Amino acid sequence: MDKPVTAANQLDPVTFEVLRNAFVNIVDQMAEQVRRTCYSFVVYNRDFSNALCDAEGNTVAQGNQDLAAHVGTLHYTCKAVIEEFGADIHPGDVFLINDPYVGGTHFSDTRVLLPIFVDGRLIAWSQANGHWADMGGSVPGSFDVTAKDMFKEGIRVPPVRIWRKGEYCYDVARLIAKNTRDPDAIIGDMDAQTQAARIAERELKRLCDKYGVGTIETTFAAVQDYVERAVRLRLAELPDGSWETVDFVDQDPSKAEGLIPIHVKMTIAGDAIEFDLTGSHPTIGSIYNSAFGGTFAAIVSGMKTFFPDVPLNAGLYRTVTVTVPDDTIVSARWPVAVTGFVMCFEKIMNAIFELFSRIMPERAMACAFNIEYLQTGGYDARGAGRPYFMLYDWLAGGWGGRNGRDGLGVTASCFGVGLMIQPVEGQERLCPVRTDRLQITTDSAGPGKWRGGVGLDKAGTILDVENCVFSYFCDRERSVVWGIEGGLPGAPHGLWLEPEGEPARFLGAVFSDVPVGKGARFWRGTSGGGGYGDPLERDPERVKEDVVDDYVSLERARKDYGVVLEVVDEDLAEYRVDEAATKRERAHIAAARAGWLDEDPEQIAARYRAGELDLHDVVRRHGVICDWGTGELLANTTRDFRAQMKARCLPSWN
């Protein structure tokens, strides 16, 4: 059969491959510039991404450590700038945009775009995107979970010029920066991103000098055609059909308790794929909504996870059709609050993981933990001047168990695996908050034949502060990380606060603007990943090794895996599998566990309050969700959580 005529046919293979990699290298050089010259600690720890786009705004290349959450949106913001300014784009211009309603993510992700001209003709765009730690709004860090519209979230920046024909628009930059709590950091990060964009301009012009502008533009088209062909060939090898599932955001804080569904239907037909999110919940009264750009990025990122060797550019986007009804939690429109889009993002990604696991079982993977942010802001009273400080902290956690392998532990979330976990030494130097504990959390991993990766536990103390507040931006307190093929859930998220001289109280995973003072202690943990496969089929020797490593406790080895261990020498972490007792325990669990999921939830909650059952018993054995501070049953949440747990477990339990 004759090959179709494409841009790739016009290039010899060596030149094509050299330039394809050169484009990615340019973007990686941009990343180095951002990281080495940025001002804020958040950006320094790699909450940023970069891209090289063609003259029409289509993504040509992204870097090797760019965040998944930005992957599918940078071309939208580039096209938004082109649409806004049209022919009024000139050499020396630099543009800025953070608008999530025209294809971005949320207000913190602010993009700097530079048009690249050669011989007076626009041939490309370079784009540097960084997460600015504060964009104004009602709370430090700009993540107010009570916000129902964007007016509490911070400053919305449509496409604007910050450099005009080589002249710096200081007034525009200052207008944006002065609407935030840390204007110096805003200006510093803006400058770092601008210089990164200029590095791309320099390097691309160097390639044009060497290979010619025509060759570069031809290769722009060729690399996109190449990725499209590669993805279509992969899709054509998969069975045609439709598969669907549902995942949940924990709650709408403005209403009664109950999980918020995100429905994902995936259809493969030949060499094309469609994702239909019809049936997802309407927008909610919180920031946990996603505009279309964030939703599209989640779909692309979830799909790309199962084709890891295929380069990423706009060629992949051509293979995907997305159907999303208006005004849902995954298609929010102005002015609905969307700063918390990542909570939808990760649910969509995990749903896609589950769907692809059904048709690519060799790559199957259970649910990963949910990213979380603790934002602490106030005045640092440790010395003169009382400067304003902001601690913007996130933790690693566990990914889901896989077919034939345990999940990755203490890893950045699927939101962006390039995201670095902040070193506590740097945090303590910059902010009046001391870290008292940072360790792997025993029993956080979802049990399975292949268990999930483990999560983290972190505790700290507030030092000398004034007017200090906490906001916590998280999920999976109630829609607990789930397993597949019979695997069990991980552990609920949430934060505990113990003000000095007061008892500790559970604040949960969704709160904002909570006052904290000197001496207050706090702690929180991330879940491990969900389990893959029946835990009763896990090799008892593997369970023993998990106990040796403190990934699993002796008690949960028995309760979750049915493995009974004898202590040989606790100090030396030496244990022995009691084979006869293990056989009896596993038989007991196998006979009883389906019935556990039908026991009266009210009675389970009462036993939890009385201390007869621990949190893992309640979630993993009984599928019951409570307010983990008071022990109050969440009946609506339990109904939906149990239904999903039964669907993912019962068919695989013999």
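Residues numbered from 1 in each chain as written. Predicted model: local features only at pLDDT ≥ 70, side-chain atom pairs only at ≥ 80, totals over all residues. Heavy atoms only, no water.

1. Points about the overall build of the chain
Turning to step 1, where the next piece is worked out: A tally of helices and strands in the chain yields 17 helices and 22 strands.
Turning to step 2, where the next piece is worked out: On C-alpha atoms alone, the chain measures out to a radius of gyration of 25 Å, which is about the 26 Å that the 2.2 N^0.38 rule sets for 654 residues.
Turning to step 3, where the next piece is worked out: Buried residues in the chain amount to 61% of all 654 residues.
Turning to step 4, where the next piece is worked out: Within the chain, contacts between residues separated by at least 24 positions form 72% of all contacts whose residues are at least 6 apart in sequence.
Turning to step 5, where the next piece is worked out: For the chain, the accessible surface area stands at approximately 24,200 Å², while carbon and sulfur atoms represent 49% of it. (Helix = DSSP H or I, 4+ residues; strand = E, 2+ residues; numbered from the N terminus. Rg over C-alpha atoms; globule rule 2.2 N^0.38 Å. Buried < 20%, exposed > 50% of the residue type's maximum accessible area, 1.4 Å probe, protein only. Contact = heavy atoms within 4.5 Å. Areas by Shrake-Rupley, 256 points an atom, 1.4 Å probe, with all protein chains shown as cover.)

2. A closer look at the nonpolar core
Turning to step 1, where the next piece is worked out: One finds Phe-275 and Phe-356 to be the most contacted residues of the largest nonpolar core, which totals 93 residues.
Turning to step 2, where the next piece is worked out: Both domains that meet at this core, namely domain 1 (8-230) and domain 2 (364-537), each give it at least three residues.
Turning to step 3, where the next piece is worked out: With residues up to four places along the chain from it excluded, the contact list for Phe-356 reads Leu-238, Met-266, Ile-273, Phe-275, Met-303, Phe-306 and Phe-307. (Core = buried A, V, L, I, M, F, W, Y, C linked by side-chain atoms within 4.5 Å. Domains from an automatic or database assignment.)

3. Brief notes about the sheet that holds strand S11 (residues 320-323)
Turning to step 1, where the next piece is worked out: In space, the four strands of this open sheet follow the order S8-S9-S10-S11, with mixed pairing throughout. A single partner strand is all that each edge strand has here, and the edge strands are strand S8 (241-249) and S11. The mean inter-strand angle of the sheet, taken between neighbouring strand axes irrespective of direction, is 20 degrees.
Turning to step 2, where the next piece is worked out: Bridge count between strand S10 (residues 272-276) and S11: four bridges; the pairing is parallel. Bridging from a neighbouring strand, Asp-276 pairs with Thr-323 of S11.
Turning to step 3, where the next piece is worked out: Against the sheet, helix H10 (residues 341-359) engages S8, strand S9 (260-269) and S10, with an angle of about 145 degrees to S8. (Pairing = 2+ DSSP bridges. Axes fitted to C-alpha atoms, helices over the stretch in contact; angles between N-to-C directions.)

4. Observations regarding the environment of Glu-362
Turning to step 1, where the next piece is worked out: Considering the arrangement of structural elements, one finds Glu-362 in the loop between H10 and strand S12 (373-380).
Turning to step 2, where the next piece is worked out: Note: C-alpha distance between Glu-362 and Asp-144 (218 residues apart in sequence) is 41 Å.

5. Observations regarding the pairing of strand S3 (residues 94-97)
Turning to step 1, where the next piece is worked out: Where burial is concerned, the two faces of S3 agree: the one with Val-94 and Leu-96 and the one with Phe-95 and Ile-97 are both buried.
Turning to step 2, where the next piece is worked out: Of the pairings in the sheet, the one linking S3 to strand S6 (residues 160-164) comprises three bridges and is antiparallel in character. Considered in S6, the bridge of Leu-96 is made with Val-160.
Turning to step 3, where the next piece is worked out: Inspection of the sheet shows S3 paired to strand S4 (residues 109-118) by three bridges, in the antiparallel sense. Among the inter-strand pairings, Ile-97 is bridged to a residue of S4, identified as Arg-111.

6. Regarding the domain arrangement of the chain
Turning to step 1, where the next piece is worked out: Taken domain by domain, the chain comprises domain 1 (8-230) and domain 2 (364-537).
Turning to step 2, where the next piece is worked out: Between the C-alpha centres of domain 1 and domain 2 the distance comes to 30 Å.
Turning to step 3, where the next piece is worked out: Inspection of the region where domain 1 meets domain 2 yields zero salt bridges.
Turning to step 4, where the next piece is worked out: Here domain 1 and domain 2 share five residue pairs in polar contact (both at pLDDT 80 or more) between them. (Salt bridge = Lys/Arg side-chain N within 4 Å of Asp/Glu carboxyl O. Polar contact = N/O pair within 3.5 Å; in protein donor to acceptor, adjacent residues only side chain to side chain.)

7. Details of the side chain of Ser-331
Turning to step 1, where the next piece is worked out: Take Ser-331: it is sitting in the loop between S11 and H10.
Turning to step 2, where the next piece is worked out: Polar side-chain contacts of Ser-331 include one of 2.5 Å to the backbone oxygen of Pro-325.
Turning to step 3, where the next piece is worked out: If we ignore the near neighbours within four places in the chain, the residues touching Ser-331 are Ser-290, Val-324, Pro-325 and Asp-326.

8. Some details on the pattern of salt bridges
Turning to step 1, where the next piece is worked out: Applying the stated criterion across every chain, the model contains 49 salt bridges.
Turning to step 2, where the next piece is worked out: Its salt-bridge partner being Asp-436, residue Arg-434 comes within 2.8 Å of it at the nearest N-O pair.
Turning to step 3, where the next piece is worked out: Between Lys-559 and Glu-555 there is a salt bridge, with the nearest N and O atoms lying 3.1 Å from each other. With Lys-559 and Glu-555 both in helix H13 (residues 554-561) and four residues apart, the pair spans about one turn of that helix.

9. With respect to unusual backbone geometry
Turning to step 1, where the next piece is worked out: Residue Pro-335 follows Trp-334 across a cis peptide bond; omega there is 5 degrees.
Turning to step 2, where the next piece is worked out: For Arg-476, which is not a glycine, the phi torsion comes out positive at approximately 70 degrees.
Turning to step 3, where the next piece is worked out: On the basis of relative accessibility, which here comes to 0%, the residue Arg-476 falls in the buried class.
Turning to step 4, where the next piece is worked out: Backbone geometry places Asp-513, a non-glycine residue, at a positive phi of 60 degrees.
Turning to step 5, where the next piece is worked out: Residue placement: Asp-513 occurs in strand S19 (residues 510-516).

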